[in-house]
Amino acid sequence: MDYRQYQEEVTKDVAQVLKDASCQPILFVGSGFAKRYAKGPNWEELLTALAERCPKIDKEFAYYKQANNGDLKKIGTIFTDCYREWAWTKDGKKHFPAACYTAEAPSDIFIKHSVAEILRDLGPDARGSYGSKELDEEITALKNISAHAIITTNYDQLLEALFQNYEVVIGQQIMRRSYLSIGEIFKIHGCRTAPSSIVLNEADYDRFAEDHKYLSAKLLTYFIEHPLLFVGYRAEDPNIKAILHDVDRMVRAKFELVPNIYILQWDGTINEQSYPARDRVINIAQDTDIRIKSITASSFKWVYEAFGQAGNLENIDTKLLRSLMARSVQLIRSDIPKKHVEIDFKTLEHAVETGETFAKLFGVTSLADPSQVNLDYKYVLTGVAEQLGFKTWHGADKLIQKLSDDTGFNMKATDNRYHIKLKTGQAAGSQTQKYTDAAVDLLRKVRDGEPYELDQQPVDVKEEDLAAGLLDFQN
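Since the model is a prediction, treat every value here as computed from it, not as a measurement. (Residues numbered from 1 in each chain as written. Predicted model: local features only at pLDDT ≥ 70, side-chain atom pairs only at ≥ 80, totals over all residues. Heavy atoms only, no water.)

**So, the overall build of the chain**
And then number 1: Across its full length, the chain carries 19 helices and 12 strands.
And then number 2: Counting all 475 residues of the chain, 45% fall into the buried class.
And then number 3: Partitioning the intrachain contacts of the chain with sequence separation of at least 6 by distance along the chain shows that 72% fall at a separation of at least 24.
And then number 4: In the form shown here, the chain has an accessible surface area of approximately 24,800 Å², with 48% of it arising from carbon and sulfur atoms. (Helix = DSSP H or I, 4+ residues; strand = E, 2+ residues; numbered from the N terminus. Buried < 20%, exposed > 50% of the residue type's maximum accessible area, 1.4 Å probe, protein only. Contact = heavy atoms within 4.5 Å. Areas by Shrake-Rupley, 256 points an atom, 1.4 Å probe, with all protein chains shown as cover.)

Pasting the structure below:
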């Protein structure tokens, strides 16, 4: 067996996993990635650079590592205090923006601002090269993977430059999202663009540990259903161990090989006769090990090409996909019709192309033309009452209640062909109820005891059009 056979077998295995999963892979990116492609620092090197900047840190980094048994979180805490003390001196104030000195600014903002400055210029050179033809080819192959999502503990902006159509989600923002979409970069340890989000010292890691179970709950579906490739991490990295511990508890692997998780390791000694191990055992907790697939290479190009076999999304607008996935979650502002929907790819593709038909897949009518809303939904409840011959709105409201009692259809509970609810201000609950001629006709029949047919299908209103002021909310 030789390295060519190894490459062929790994490539074939990845192709089968991608085929079985029927979805794009997930990339989990660590500091080794920035080191390879931008000569960026790992955590220890970053702390060393921070020590050199601050005069209050009066000893070499090696001293602090020795004195704290190599605990980098503890060193981060010590350095945080040193930076704060220095920042409030006359000399220190020359190095930080005025916003750092407000009473509301966190006390660790000074060291995190320095981290952001250190990482500011990481990226390709002026020619757009990452250092060599080989690395440039690796980057091209990486981009062609078209990952479903990218998760990283890095603070720098290398990934944003490579995946420009992806949406960046920083820190705890991920836990406030009602859904996970496609084409997102999750920066779970923060980003240099938002220094206060950076996870650096003991207090930060304590908060992160508290939130970890919520983060894991959000991401575990990704880890279970998608092929997952770790890039730029050592197998002993605590971030990998934490993720794999969650995966193990979910799948209860019992030391069986987890088929969809790979770790990519660099080895400069690889030659034509090499045949590295295809799997790796990682200790993730006391008396608990997990087996995942291992890929060892000196050049990553062929590995990225293997994961690119799922096809790419270069001709697909990932921003549009995110929007459609969001709309599928938030189609209406009340209960969506509970119906089973069976569609094939051609049906979905047509729906995506035509836009407004997408909502109809879920039994929802889309109001694609916001200017038409005012023409159709032209009455407030008082106006409906006047059309029905009542002096106040109470008469119309009683008919709506009678309709609900008789049929179970509450006209005001959803956006539908009779009624729509419009937000009219910034205050919570600031809304206007508008009604159509169809509502007037329906309530007239309810009033007069005439037979009628109900159309209970909800409609979908674009919130962004309403918020943009395209509607006149006056009666």
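**Structural notes on the packing of helix H3 (residues 43-53) against helix H5 (residues 72-87)**
And then number 1: One can describe the packing of H3 onto H5 by two numbers: an axis separation of 11 Å at closest approach and a directional angle of 25 degrees. The orientation of H3 with respect to H5, classified from their angle, is roughly parallel. The chirality of how H3 crosses H5 is left-handed. Residues Trp-43, Glu-44, Leu-47, Leu-50, Ala-51 and Arg-53 of H3 touch H5, and the partners they reach there are Leu-72, Lys-73, Ile-75, Gly-76, Phe-79, Tyr-83 and Trp-86.
And then number 2: In terms of residue class, the contact of H3 with H5 is made up of 9 nonpolar, 1 polar and 3 charged. (Axes fitted to C-alpha atoms, helices over the stretch in contact; angles between N-to-C directions. Parallel < 35°, antiparallel > 145°, perpendicular 65-115°, else oblique. Left-handed = near helix turned anticlockwise from the far one by under 90°. Nonpolar A, V, L, I, M, F, W, Y, C, P; charged D, E, K, R; others polar.)

**What to know about the sheet that holds strand E3 (residues 167-170)**
And then number 1: Taken together, the 8 strands give an open sheet; going across it, the order is E3-E4-E2-E1-E5-E6-E8-E7, and neighbouring strands pair in mixed fashion. The strands lining the two open edges of the sheet, one partner per strand, are E3 and strand E7 (279-285). In this sheet, adjacent strand axes meet at a mean angle of 25 degrees when their direction is disregarded.
And then number 2: Sheet topology places E7 next to strand E8 (residues 288-297); 6 bridges connect them, and they run antiparallel. Across the sheet, Arg-280 pairs through a bridge with Ile-292, a residue of E8.
And then number 3: With respect to the sheet, helix H1 (residues 3-21) is in contact with strand E6 (257-266) and E8, its orientation differing from that of E8 by roughly 120 degrees. (Pairing = 2+ DSSP bridges.)

**With respect to the nonpolar core**
One recurring pattern in soluble globular proteins is that nonpolar side chains are buried together.
And then number 1: Membership of the largest hydrophobic core comes to 39 residues, with the highest contact counts inside it found for Phe-33, Leu-142, Ile-150, Ile-295 and Tyr-304.
And then number 2: A total of 6 residues in this core trace back to one element, the largest contributor, which is H1.
And then number 3: Setting aside chain neighbours within four positions, we find Phe-33 in contact with Leu-142, Leu-158, Leu-159, Leu-162, Val-231, Gly-232 and Tyr-304. (Core = buried A, V, L, I, M, F, W, Y, C linked by side-chain atoms within 4.5 Å.)

**Focus: H1**
And then number 1: Over its 19 residues, H1 extends 27 Å from the first C-alpha to the last, a length consistent with the 27 Å expected when each residue adds 1.5 Å.
And then number 2: Among the residues of H1, Tyr-3, Tyr-6, Val-10, Asp-13, Val-14, Val-17 and Leu-18 are the ones counted as buried. All buried residues of H1 lie within an arc of 135 degrees about the axis, which places them on one face of the element. For H1, the exposed residues lying more than 90 degrees away from the buried face are Arg-4, Glu-8, Lys-12, Lys-19 and Asp-20.
And then number 3: Packed against the buried residues of H1 are E6, E8 and helix H11 (301-307).
And then number 4: Regarding H1, its N-cap is Asp-2, as a side-chain oxygen of that residue lies 3.3 Å from the backbone nitrogen of Arg-4 further along.
And then number 5: Ser-22 sits one or two residues past H1 and shows a positive phi near 55 degrees. (Expected span 1.5 Å × (residues − 1). Arc of directions from axis to C-beta. Polar contact = N/O pair within 3.5 Å; in protein donor to acceptor, adjacent residues only side chain to side chain.)

**Notes on the layout of surface pockets**
And then number 1: Size it by volume and the largest pocket reaches roughly 1,200 Å³.
And then number 2: Looking at the largest pocket, it is lined by 43 residues, and the ones nearest its centre are Ser-31, Trp-43, Tyr-233, Asp-237 and Asn-239.
And then number 3: When contributions to the lining of the largest pocket are tallied by element, the ones reaching two or more residues are helix H2 (31-38), H3, H5, helix H9 (202-225), helix H10 (238-251) and E6.
And then number 4: Broken down by element, the lining of the largest pocket gets its largest block of residues, 7 residues, from H2.
And then number 5: The residue makeup of the lining of the largest pocket, split by class, is 24 nonpolar, 10 polar and 9 charged. (1 Å grid on protein atoms, 1.4 Å probe; cavity = no way out; pocket = protein on both sides within 12 Å on 5 of 7 lines; lining within 4 Å. Points joined across faces, edges and corners; volume = space filled by probe spheres on them.)

**Side note on the pattern of salt bridges**
And then number 1: This model, assessed by the stated rule, comprises 24 salt bridges.
And then number 2: Among the salt bridges present, the one from Asp-204 reaches Arg-207, with a minimum N-O distance of 2.5 Å. In this pair, Asp-204 and Arg-207 both sit in helix H9, 3 residues apart, roughly one turn of the helix.
And then number 3: Here Arg-280 makes a salt bridge to Glu-236, at a shortest N to O gap of 3.6 Å. (Salt bridge = Lys/Arg side-chain N within 4 Å of Asp/Glu carboxyl O.)

**Here's the deal with the packing of aromatic side chains**
And then number 1: All chains considered together, the criterion is met by 22 aromatic pairs.
And then number 2: When the ring of Tyr-83 is compared with that of Trp-86, the centres are 5.8 Å apart and the planes differ by 75 degrees; the resulting orientation is edge-to-face. Here the residue Tyr-83 and the residue Trp-86 both occupy positions in helix H5, the gap between them amounting to 3 residues, near one helical turn.
And then number 3: Residue classification places Trp-86 among the buried residues on the basis of a relative accessible area of 6%.
And then number 4: Put simply, the rings of Tyr-83, Trp-86, Trp-88, Phe-96, Tyr-101 and Phe-110 touch in pairs and so form one group of aromatic residues.
And then number 5: Over the ring of Phe-300 we find Arg-36, and its NZ or CZ is 4.2 Å from the ring centre.
And then number 6: Looking at Lys-59, its charged tip hangs above the ring of Tyr-63, at a distance of 5.1 Å from the centre. (Phe/Tyr/Trp six-rings, centres within 6.5 Å; stacked < 30°, edge-to-face > 60°. Lys NZ or Arg CZ within 6 Å of the ring centre and 35° of its normal.)

**Overview of the confidence of the model for the chain**
And then number 1: With 79% of its residues at a pLDDT of 70 or more, the chain shows a mean pLDDT of 83.
And then number 2: Confidence drops under pLDDT 50 across residues 326-339; counting only partners more than four residues distant or on other chains, this segment forms 33 contacts.
And then number 3: Between residues 463-475, whose pLDDT stays under 50, and residues either more than four places distant or in other chains, the model counts 22 contacts. (pLDDT = per-residue confidence, 0-100.)

**Remarks on the packing of H3 against helix H6 (residues 109-118)**
And then number 1: Remark: H3 packs on H6, axes separated minimally by 11 Å, with the N-to-C direction vectors making an angle of 110 degrees. Classified by the interaxial angle, the pair formed by H3 and H6 is roughly perpendicular. Where H3 crosses over H6, the two elements pack in a sense that is right-handed. Contact residues: Leu-46, Ala-49, Leu-50 and Arg-53 in H3; Ile-111, Ser-114, Val-115, Glu-117 and Ile-118 in H6.
And then number 2: Among the residues forming the contact of H3 with H6, the class breakdown is 6 nonpolar, 1 polar and 2 charged.

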